[in-house]
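# Commentary on secondary and tertiary structure
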Amino acid sequence: MFFVDTLEFEGLGNRSYLAGGPRAAVAVDPPRDIDQVIAAAAKRGVRIAYVAETHVHNDYITGGPELARVTGASYLVPAAAHVSFARTPVADGDTVTVDEGLVLRALATPGHTPHHTSYVLEEDGRGAAAFTGGSLLIGTVGRPDLVEPRLTEELARAQHASAHRLADELDDEVPVLPTHGFGSFCSSSQAEGDATTIGRERTANDALTRDVDTFVAEMLAGLDDVPAYYAHMGPANAAGPAPVDLTPAGRADAGEIAARLAAGEWVVDLRSRTAFAEGHVAGSFNFEGDGKLATYLAWLIPWGKPVTLLADTPERIADAQRELARVGIDRPAAAATGDPAAWIREGERLASFPRARFADLAEVRGRGEEVVVLDVRRDSERAAGHVEGAVHVPVHELYGRLDEVPSGTVWVHCAGGMRAAIAASLLDAAGRAVVAVDDGFDAAREAGLTVTRP
């Protein structure tokens, strides 16, 4: 009998897998913090014999080289991937024996990248599971535009062909186990559900239900923004990432926090948006530890800028440090925990700003008050409808476009509140009067605000 254990990384919207038999296993697309994979193998009582990458990742730093080194496993990487480290190159049709009766077969599935490779786990000669990486996802496929703009259409067509190859070669009951598609921006569209099979994808996946021209046209038209930090992930993975360092950062007192802010460094408060709005260090930014911390902080921060983390507990700092290391933000410059009053110097006061609902915005507008409404959602979200008169600057562009926000009190909103809180903190740090709308966008129309399309 074989097993497949799933390791979920909700912050990035990705999964890794450990699969094998009674004695040995393969780790597929491991995260940079490899201790979780090692712990999963120890719980199973198996040796990690192979580490397999489906592709050179664009959205996170891999732990593959380090996991292979620590465990002595063979490191399987697509032969066509341009990398600078020692590995076992695999090409289409290559096989390795994971355990008795368990074989891992490489299946070339270009599209997400030119070298993308899926792996089929076969038990006694029959397909038992397909690790599809960024190829066939749940109801969609991995996006083809992360490698090189000139290759995007060619790779989109390759995605269509690769999806059909998987469907043609595998039985309906074979589970499809992708790396992306659970919130990752590597997915060409957001998937629904968290489990699927080849049979289900035959009837539900656009790549398998539409002709290639229609599929390519629709997918390319629907591609969303690419997080800025993706530009750094591929080169880091191709070079071979350094081992992760999760030792605690040095403790910062109020004087050091102030000095780091004065030096232009980022001080990031991980507390809830409610707590931040009520009282925070002036000049700090709010990225909730429970939100998509790695995605949005890595997207907005100037790459390489030192970051100091603030949180209510050391555990929150440790969790954030682990998550940020997955996207190459290593070793916080410093950290502080506890009561925010201890984060400011004597004689200083915590900053704050109000929070509101769309109903409050409708009331203010109804009284004829002039306010600036700032929509920080992505272009694709705004296209479905926006509050009439709202200024639009996506949150991931706001830090560099603060001067485009008109003067006056800014009521900032997104789709649910998290990104509005980030944006409100950026505006507050820049000295703007701001109100954070902490509400679902559906409530805008219900509150009587006019919602229009571009």
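Residues numbered from 1 in each chain as written. Predicted model: local features only at pLDDT ≥ 70, side-chain atom pairs only at ≥ 80, totals over all residues. Heavy atoms only, no water.

### A word on the overall build of the protein chain
For the protein chain, the count of helices and strands is 16 helices and 22 strands. For the protein chain, the C-alpha radius of gyration of 24 Å lies close to 22 Å, the compact-globule estimate for 454 residues. By its C-alpha atoms, the protein chain is 70 × 50 × 35 Å across when sized along the principal axes. Split into buried and exposed, the 454 residues of the protein chain put 55% on the buried side. Across the protein chain, contacts joining residues at least 24 apart in sequence account for 68% of those joining residues at least 6 apart. Element-wise, carbon and sulfur atoms account for 48% of the exposed surface of the protein chain, whose accessible area totals about 18,200 Å². (Helix = DSSP H or I, 4+ residues; strand = E, 2+ residues; numbered from the N terminus. Rg over C-alpha atoms; globule rule 2.2 N^0.38 Å. Buried < 20%, exposed > 50% of the residue type's maximum accessible area, 1.4 Å probe, protein only. Contact = heavy atoms within 4.5 Å. Areas by Shrake-Rupley, 256 points an atom, 1.4 Å probe, with all protein chains shown as cover.)

### Concerning the packing of helix α3 (residues 152-169) against helix α6 (residues 212-222)
The contact between α3 and α6 brings their axes to 9 Å, and the two run at 125°. In this view, α3 runs oblique relative to α6, as classed from their interaxial angle. Between α3 and α6 lies a crossing whose hand is right-handed. From α3, Thr152, Glu153, Ala156, Arg157 and His160 reach across to α6, where they touch Val212, Asp213, Phe215, Val216, Met219 and Leu220. In terms of residue class, the contact of α3 with α6 is built from six nonpolar, two polar and three charged. (Axes fitted to C-alpha atoms, helices over the stretch in contact; angles between N-to-C directions. Parallel < 35°, antiparallel > 145°, perpendicular 65-115°, else oblique. Left-handed = near helix turned anticlockwise from the far one by under 90°. Nonpolar A, V, L, I, M, F, W, Y, C, P; charged D, E, K, R; others polar.)

### Considerations on the sheet that holds strand β12 (residues 266-269)
Taken in spatial order, the four strands of this open sheet run β13-β12-β14-β15, and their pairing is parallel. Both outer strands of the open sheet, β13 (285-286) and β15 (334-337), are each paired with one neighbouring strand and no more. Summarising the sheet, β12 and β13 pair through two bridges and their orientation is parallel. If you follow Val268 over to β13, its bridge partner there is Phe285. Where helix α8 (residues 254-262) meets the sheet, it contacts β12, β14 (307-311) and β15, and its direction lies at approximately 135° from that of β15. Most of the contacts of helix α11 (residues 314-325) go to β14, to which it runs at about 140°, and overall it touches β14 and β15. (Pairing = 2+ DSSP bridges.)

### What about the nonpolar core?
Of all hydrophobic cores here, the largest spans 53 residues; its most connected members are Trp266, Phe287, Leu297 and Leu374. Per-element tally for this core: the top contributor is helix α10 (residues 293-300), with seven residues. If we ignore the near neighbours within four places in the chain, the residues touching Trp266 are Phe285, Phe287, Leu297, Leu300, Ile301, Pro302, Lys305, Pro306, Val307, Thr308 and Tyr399. (Core = buried A, V, L, I, M, F, W, Y, C linked by side-chain atoms within 4.5 Å.)

### Thoughts on the pattern of salt bridges
Throughout the structure, instances matching the rule amount to 40 salt bridges. In this structure, Glu397 and Arg401 form a salt bridge, with 2.4 Å as the shortest nitrogen-oxygen distance. Overlapping salt bridges bring together Asp92, Arg105, Glu122, Arg165 and Glu169 as one network. (Salt bridge = Lys/Arg side-chain N within 4 Å of Asp/Glu carboxyl O.)

### Quick notes on the pairing of strand β10 (residues 126-133)
Regular strands place their side chains on alternate faces of the sheet. In terms of residue burial, β10 counts as a mostly covered element, since six of its eight residues are buried. Here five bridges tie strand β9 (residues 117-123) to β10, and the two strands are oriented antiparallel to one another. If you follow Val120 over to β10, its bridge partner there is Ala130. Here β10 pairs with strand β11 (residues 176-178) via three bridges, running parallel. If you follow Gly133 over to β11, its bridge partner there is Pro178.

### A short note on the environment of Asn205
Following the sequence through the fold, Asn205 ends up in the loop between α4 (198-204) and α5 (206-209). Measuring from C-alpha to C-alpha, the distance between Asn205 and Thr452 comes to 31 Å, with 247 residues separating the pair along the chain. Those residues in contact with Asn205, other than ones at most four positions away along the chain, are Leu136, Leu137, Gly139, Thr140 and Val141. Among the polar contacts listed, one links the side chain of Asn205 to the backbone oxygen of Leu137, at a separation of 3.4 Å. A polar contact of 2.8 Å, which involves the side chain of Asn205, links it to the side chain of Glu201. (Polar contact = N/O pair within 3.5 Å; in protein donor to acceptor, adjacent residues only side chain to side chain.)

### A look at the sheet that holds β11
Spatially, β7-β8-β9-β10-β11 is the arrangement adopted by the five strands of the open sheet, whose pairing is mixed. Here the strands that pair on one side only, and so sit at the sheet edges, are β7 (95-99) and β11. Across the sheet, the axes of successive neighbouring strands diverge by a mean angle of 25°, strand direction being ignored. By the bridge criterion, seven bridges tie strand β8 (residues 102-108) to β9 in an arrangement that is antiparallel. Bridge assignment links Leu107 to a residue of β9, and that residue is Ser118. Along the sheet, α3 contacts β8, β9 and β10; its crossing angle with β8, the most-contacted strand, is approximately 145°.

Note that every value here comes from positions in space, so none of it alone points to a role or purpose.
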